[in-house]
Amino acid sequence: MHRRPGSRPCPCRPIWRKTLNWSKGSGRAFDRAAWPYYGDSMGHLTATLEELADRVNENPGLVRRGRFVSLEWLLQIGAEDHYLTIENGRLAAVTPGPVLMRSSRFTIHIEEDAWQRFCRPVPRPGYYDLFGMCKLGVARIDGDFHPLIANLRYFREMLAMARLETDEATHGS
Amino acid sequence: MVARLEEATGRYVNLMVQGRLYRIYFEEAGRGIPLLCLHTAGAEGSQYRHLLNDPDITRNYRVIAFDMPWHGKSLPPVGYHLEEYRLTTDLYVATIMAVCQELELEQPVIMGCSMGGRIVLQLALAHAPELRAVIGLESADHQEPWYDTDWLHLPDIHGGEVSAALVSGLVAPQSPDEYRWETLWGYQQGGPGVFKGDLHFYRADSDYRDRIGNIDTTQCPVYLLTGEYDYSCTPEDTLRTAARIKGAEATIMEGLGHFPMSEDPQQFRRYIIPILDKIRG
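This report concerns the structure included in the present document. (Residues numbered from 1 in each chain as written. Chains lettered and ligands numbered in written order. Predicted model: local features only at pLDDT ≥ 70, side-chain atom pairs only at ≥ 80, totals over all residues. Heavy atoms only, no water.)

**Some words on the overall build of chain A**
Formally: Secondary structure counts use DSSP, requiring at least four H or I residues in a row for a helix and at least two E residues in a row for a strand, with both numbered from the N terminus. The cut-offs for exposure are 20% and 50% of the maximum accessible area for each residue type, with area from a 1.4 Å probe on protein chains only; residues under the lower value are buried, those over the upper are exposed, and the others partly exposed. In this analysis, two residues are considered to be in contact whenever any of their non-hydrogen atoms come within 4.5 Å of each other. The method behind every accessible area is Shrake-Rupley, applied with a 1.4 Å probe, and residues are considered shielded solely by the protein chains displayed.
Across its full length, chain A holds 7 helices and 5 strands. Helices (α) and strands (β) of chain A occur, in sequence order from the N terminus, as α-α-α-β-β-β-β-α-α-β-α-α. Considering chain A as a whole, with its 173 residues, one finds that 50% of them fall into the buried category. Of the contacts formed within chain A by residues at least 6 apart in sequence, a portion of 66% connects residues at least 24 apart. Element-wise, carbon and sulfur atoms account for 52% of the exposed surface of chain A, whose accessible area totals about 8,200 Å².

**Topic: the overall build of chain B**
Threshold: Our radius of gyration is a C-alpha quantity, and the globule rule it is checked against amounts to 2.2 Å times the number of residues to the power 0.38.
Each helix and strand in chain B was counted, giving 10 helices and 8 strands. At 17 Å, chain B has a C-alpha radius of gyration in line with the 19 Å of a compact globule built from 281 residues. Across its three principal directions, the C-alpha atoms of chain B cover 50 × 50 × 45 Å. Among the 281 residues that make up chain B, the fraction classed as buried is 60%. The long-range share in chain B, meaning contacts at least 24 apart out of those at least 6 apart in sequence, stands at 75%.

**Quick look at unusual backbone geometry**
For the bond running from A:Gly97 to A:Pro98, omega is 0°, close enough to zero to count as cis. Take A:Pro98: it is sitting in the loop between strand E3 (90–96) and strand E4 (106–110). Here B:Gln18, not a glycine, exhibits a phi torsion of approximately 50°, which is positive. Mapped onto the elements, B:Gln18 comes out in the loop between strand E1 (9–17) and strand E2 (20–29). Judged by relative accessible area, which is 52%, B:Gln18 ranks as exposed. Backbone geometry at B:Glu138 places phi at a positive 50°, although glycine is not the residue there. Within the fold, B:Glu138 resides in the loop between strand E6 (133–137) and helix H5 (159–168).

**Describing the side chain of A:Thr107**
Summarising the element assignment, A:Thr107 is placed in strand E4. Beyond its immediate chain neighbours, meaning those up to four positions away, A:Thr107 contacts A:Leu74, A:Gln76, A:Arg140, A:Ile141 and A:Asp142.

**Structural notes on the sheet that holds E1(B)**
Two strands in a sheet stick together by hydrogen bonds in their backbones, pointing the same way (parallel) or opposite ways (antiparallel). All names here are of chain B. Cut-off, in case you're wondering: Strands are labelled as partners when DSSP assigns at least two bridges between them. Note on geometry: axes are lines fitted to C-alpha atoms, helical ones only across the stretch in contact, with angles between N-to-C directions running from 0 to 180 degrees.
With respect to topology, 8 strands assemble into an open sheet ordered E1-E2-E4-E3-E5-E6-E7-E8, the strand pairing being mixed. Only two strands of the sheet have a single neighbouring strand rather than two, namely E1 and strand E8 (249–253). Direction aside, neighbouring strands of the sheet carry axes that sit 20° apart on average. Contacting strand E3 (33–38), strand E5 (109–113), E6 and strand E7 (222–227), helix H4 (residues 115–126) crosses the sheet at an angle of about 145° to E5. With respect to the sheet, helix H8 (residues 235–244) is in contact with E7 and E8, its orientation differing from that of E7 by roughly 165°.

**Remarks on the environment of B:Thr95**
Residues and elements named next belong to chain B. Within the secondary structure, Thr95 is located in helix H3 (residues 89–102). A relative accessible area of 1% means that Thr95 is categorised as buried. Measuring from C-alpha to C-alpha, the distance between Thr95 and Phe201 comes to 14 Å, with 106 residues separating the pair along the chain. Filtering out sequence-adjacent residues up to four positions away, Thr95 remains in contact with Val17, Ile24, Phe66, Met68 and Pro69.

**Regarding the side chain of A:His146**
The line we're drawing: Contacts described as polar in this section are N or O atom pairs within 3.5 Å, which, within protein, must combine one atom able to donate a hydrogen with one able to accept it, while residues neighboring in sequence count only if both atoms come from side chains.
Mapped onto the secondary structure, A:His146 falls in helix H6 (residues 145–150). Engagement of the side chain of A:His146 in a polar contact is seen with the side chain of B:Asp156, the distance being 2.9 Å.

**A word on the interface of chain B and chain A**
We count it as follows: The term buried area means the drop in 1.4 Å probe accessible area that two parts suffer when joined, counted for both and summed. Salt bridges are defined by distance alone: a side-chain nitrogen of Lys or Arg within 4 Å of a carboxyl oxygen of Asp or Glu.
Between chain B and chain A, the contact holds 22 residues from the first and 18 residues from the second. The largest contributions to the chain B side of the interface with chain A come from B:Trp151, B:Tyr229 and B:Tyr231, which together make up 29% of the buried area. Here chain B and chain A share 1 salt bridge between them. A salt bridge links A:Arg124 to B:Glu228, with the nearest nitrogen and oxygen atoms 3.6 Å apart.

**Side note on the packing of aromatic side chains**
Residue and element names in this part refer to chain A. Note the following rule: Centres within 6.5 Å are what make two rings of Phe, Tyr or Trp a pair, Trp counting through its six-membered ring; a difference in plane orientation under 30 degrees is then read as stacked, over 60 as edge-to-face, and the rest as tilted.
In this structure the tally under the stated criterion is 16 aromatic pairs over all chains. Look at Trp115 and Phe118: their rings are 5.8 Å apart centre to centre, the planes differ by 20°, and that puts the pair in the stacked class. Placement of both Trp115 and Phe118 in helix H4 (residues 112–118) is noted, with a separation of 3 residues, approximately one turn of the helix. In this pair, the class of Trp115 matches that of Phe118, namely buried. Arranged with centres 5.1 Å apart and planes meeting at 75°, the rings of Tyr154 and Phe155 form a pair that is edge-to-face. Owing to a relative accessible area of 1%, Tyr154 belongs among the buried residues under this scheme.

**Notes on the sheet that holds strand E1 (residues 71–77) of chain A**
Residue and element names in this part refer to chain A. With mixed pairing, 5 strands are arranged side by side in an open sheet as E3-E2-E1-E4-E5. A strand with exactly one partner marks an edge of an open sheet, and here the two such strands are E3 and strand E5 (139–143). Ignoring which end each strand starts from, the neighbouring axes of this sheet average 20° apart. Bridging between E1 and strand E2 (residues 80–87) involves 7 bridges; their strand directions are antiparallel. In the sheet register, Leu74 faces E2, and the bridge partner there is Tyr83. Strand contacts of helix H2 (residues 45–57): E1, E2 and E3, with the helix running at about 170° to E3, the strand carrying the most contacts.

**Concerning the environment of A:His44**
Residue and element names in this part refer to chain A. With respect to the helices and strands, His44 occurs in the loop between helix H1 (14–20) and H2. Residue His44 is classed as exposed on the basis of its relative accessible area, which comes to 53%. A C-alpha to C-alpha distance of 9.9 Å links His44 and Glu80, two positions 36 residues apart in sequence.

**What to know about the pattern of salt bridges**
Working definition: two side chains of opposite charge can pair if their charged atoms are close together. Summed over all chains, the structure comprises 24 salt bridges over all chains. Among the salt bridges present, the one from A:Glu72 reaches A:Arg102, with a minimum N-O distance of 2.7 Å. Here A:Arg102 lies in the loop between E3 and E4 and A:Glu72 lies in strand E1, a separation of 30 residues in the sequence. Overall, A:Glu72 belongs to the buried group, its relative accessible area being 6%. Across the pair B:Arg62 and B:Glu28 runs a salt bridge, and its minimum N-O distance is 2.7 Å. With a gap of 34 residues between them, B:Arg62 in strand E4 (residues 61–66) and B:Glu28 in strand E2 connect regions that are remote in the sequence. What emerges from the salt-bridge pattern is a single network uniting B:Asp54, B:Asp56, B:Arg59 and B:Arg269.

Honestly, it's all geometry; don't read function into it.
This is the structure we're talking about:
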């Protein structure tokens, strides 16, 4: 649910939260076996997105910008699914998928090669922005656009935080 | 810090367009050939402030940038609260030509960006004898839409925030942060529904593909410049357009996006000054 001022916190999936809530630095390991519907696509993109969560949560300006956002969305990079749980602007959990019958407010699908290009320190034309990649046909957005558009700067800047600082390494799978 | 008065001055002109009175704000600097600058959709003339303060340009050109009605410091017409703003080709051309007439601009060069880059093609077609040349920045005879403009004017989404966020990806990654955010500020402070109203012209009333082949560049030279990072008006859109206009010159600008004059003025002047020198002859 897209939170608005004065609304109640999102009561999303208490069972899931209890089982899989992930918090980097808490010392608590992610217990994959605890979730029976967990898929087989755990890749090293998960580590990238965990790092992304750190970057988001350590950026008070971005968290403030997203303070009215509490929802879960699905990021599909190539064949890999990750559910990203936002709580009041914090990227509270990154959950690898697929997870059977799990819903999300919207899905951003980016082809793997396009994601790699997007993550370069200085992307080439066409790969610098989500909507540019959508126009190129290498990315797609599905689902409820409202929370995404209403908080577009927040989500754009979140995605941009996956960008590499140098050209030495590559992100994703 | 020492206060510095810029050369540019701002004034208002009251003029009639299609039977309605408009109070229009404009800034100008320099002397010589009139260079009338048209801002992008949903923005304002201050996008050209760097040209207005560039002595290499103002030495030979009288640079003028005005805010379209509904934009910046130009007011909407009386009764605006009762209507939906929707710019059309006819209204846009009439407004520009009224400004030229009231400011007594003789044989001006008209330079526009994005929707301004689109309308200069129509001006070259319909008003060639009155113009010295046109420069289209991020200009094409048509382009494919990449989002639904209905999102720009809703009661529960901040129009300025969403407009700026949508266009922010059109600024090249190399552009300095200072100018990136100044460019976006123009969008963040737009009036309700104004960006969307401009895009009515851009999306629904300016497909010029069937007519630009009739532009006579011997009468009105056409120069098109597009940033390589512009995925709204792509370099391919501009090159295709230039190929349809006999004698048109097209340049793809490296390291620039959809707002070359405001997002990276130093990089832009590398491209625009040679064009202005050429027009001056």
